[in-house]
Amino acid sequence: MRISVVAMGSRGDVQPMMVLADELRTRGHEVTLGVPPDLVWMGISAGLRTESIGPDIRPVLEVPEAREWLASRDFRALGRRMEAMAREAGPQLIEDIPKVCADAEVMIAGVFADDIVLSCAEAAGVPFFAVHFAPYRPSSAYLPPVVTGRSLPGFLNLAGGHLFQSLCWAKFGGDPHGLRRRLGMGPTWRATAVRMARRGDQTLQAFSPVVVPKLPARASTPVVGFFSLRPELHQALGDAALDDDLVKWIGSGESPVYVGFGSMPVADERVLDVVRTSAERLGIRIVLSSGWSSVAATSDDRLRVVGKVDHDQVFPHCRAVVHHGGAGTTAAGLTVGAPTVVCSVFFDQPFWGSRVEQLGAGVHLCFKNLSVSTLCAALTSALEPTTVRAAARTGALLREDRPGQCRSADLIEAAALRNGAAVA
């Protein structure tokens, strides 16, 4: 089949969509991946046909105002900026995405691109799949993760989910009428999820029921499991493996704790001081991954500063992991059975922090509250025997799961067959 996969956002949003595109490609399908310009290199490195869509993402997160909003969790200011970004990027996305989706027999999109890609699928009369890395669709089990990590009584969760869905459509739906006119269709005032339901499209929920239990079983929103990179993909992306110096450092003492915040550009000299002082106070060793932050530091026996790393290779050597709570990083840490401290910054990260706590596998604290005292307290709790055992149990269950991209590809192929597409 000819399949288009479209992803917007930071690396944490784009990488799992690339994993799904890679799985479909290995099954013999002709896949085109559409991603922001500054992340096109990922698709090309993986050997995928890759096109750029919309603006670069990294510069948006790295401006001083964005760093302040992220660190302070000023969601109102951040929300206003995201709404403005959606309006600014809309015309370019409406221009780029239909080109990526041209002639596709199946269209797939992540959460930030599903509004536009669905209209393309409607115009072409082909199946559409949304891929969500947290439970955003309304349910009685959870409120949308962006709202809170806590859960209310079932009817309030469901009502809150529908309200959130409507607000997102109103705020971030872009200009659906302009796009639809270009595609030869009439306007619509129905939200994306409503139109998907009418068409019989599916939202693939790419997380594990081990971590997110109690979701109602619905054919329209199957829970497929976490996506995971093949070792060859890690190598293709240039993720730093355990180089000789790092191997020597890890082996020179007690297993270290990993600290990293991925694509969140929030690590600075203050955070570095917090991490270093916490290591000294607790008598532990720490591997600090700078990610998208610019942290200049000299490594020593207590602290080792590295660039981006392959979590699958580093985490098994760590006695605990501390991170921002991105879905992929959370999955990687829990899968190896590592006690986890989530220092959530924004979006769905507080939800994953709350899930870690509910599993008994770690601790959640807000990044804005990160200090020597809070980090030391969180790590002390995470390293308690009961937490270590709970994390190990969770990891054992997750390792039994079939990779989410494989289940997703099965569902995509089955839907395409029902729609009459030719599957080899």
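Asker: Could you clarify how one ought to interpret the overall build of the protein in this entry?
Answerer: Scanning the protein from terminus to terminus reveals 18 helices and twelve strands. For the protein, buried positions account for 55% of its 424 residues. Considering only intrachain contacts with a sequence separation of at least 6, the fraction spanning at least 24 residues in the protein is 63%. Total accessible area on the protein stands at roughly 17600 Å², and carbon and sulfur atoms take up 53% of it.

Asker: Looking at this structure, I do not really get the sheet that holds strand β3 (residues 49–52). What am I missing?
Answerer: Strand-to-strand pairing in sheets goes through backbone hydrogen bonds, with the strands running parallel or antiparallel. Spatial strand order, β3-β2-β1-β4-β5-β6: six strands in an open sheet with parallel pairing. For this open sheet the edge positions go to β3 and β6 (202–205), each flanked by a neighbour on one side alone. Strand-to-strand twist in this sheet, taken as the mean axis angle between neighbours without regard to direction, amounts to 20 degrees. Sheet topology places strand β4 (residues 106–110) next to strand β5 (residues 128–132); four bridges connect them, and they run parallel.

Asker: Quick question: what am I supposed to make of the pattern of salt bridges here?
Answerer: Charged atoms that come close allow side chains of opposite charge to pair. Using the criterion set out here, one finds 15 salt bridges in the structure. Across the pair Arg-27 and Glu-413 runs a salt bridge whose closest N-O atoms are separated by 3.1 Å. One end of the pair, Arg-27, is in the loop between α1 (11–26) and β2 (30–35); the other, Glu-413, is in helix α18 (residues 404–419), and 386 residues separate them in sequence. Owing to a relative accessible area of 24%, Arg-27 belongs among the partly exposed residues under this scheme. Overall, the relative accessible area of 15% leaves Glu-413 in the buried class. Residue Arg-402 pairs with Asp-410 through a salt bridge whose shortest N-O separation is 2.6 Å. When its relative accessible area of 31% is taken as the criterion, Asp-410 is described as partly exposed.

Reading guide: rules and limits
Residues numbered from 1 in each chain as written. Predicted model: local features only at pLDDT ≥ 70, side-chain atom pairs only at ≥ 80, totals over all residues. Heavy atoms only, no water. Helix = DSSP H or I, 4+ residues; strand = E, 2+ residues; numbered from the N terminus. Buried < 20%, exposed > 50% of the residue type's maximum accessible area, 1.4 Å probe, protein only. Contact = heavy atoms within 4.5 Å. Areas by Shrake-Rupley, 256 points an atom, 1.4 Å probe, with all protein chains shown as cover. Pairing = 2+ DSSP bridges. Axes fitted to C-alpha atoms, helices over the stretch in contact; angles between N-to-C directions. Salt bridge = Lys/Arg side-chain N within 4 Å of Asp/Glu carboxyl O.

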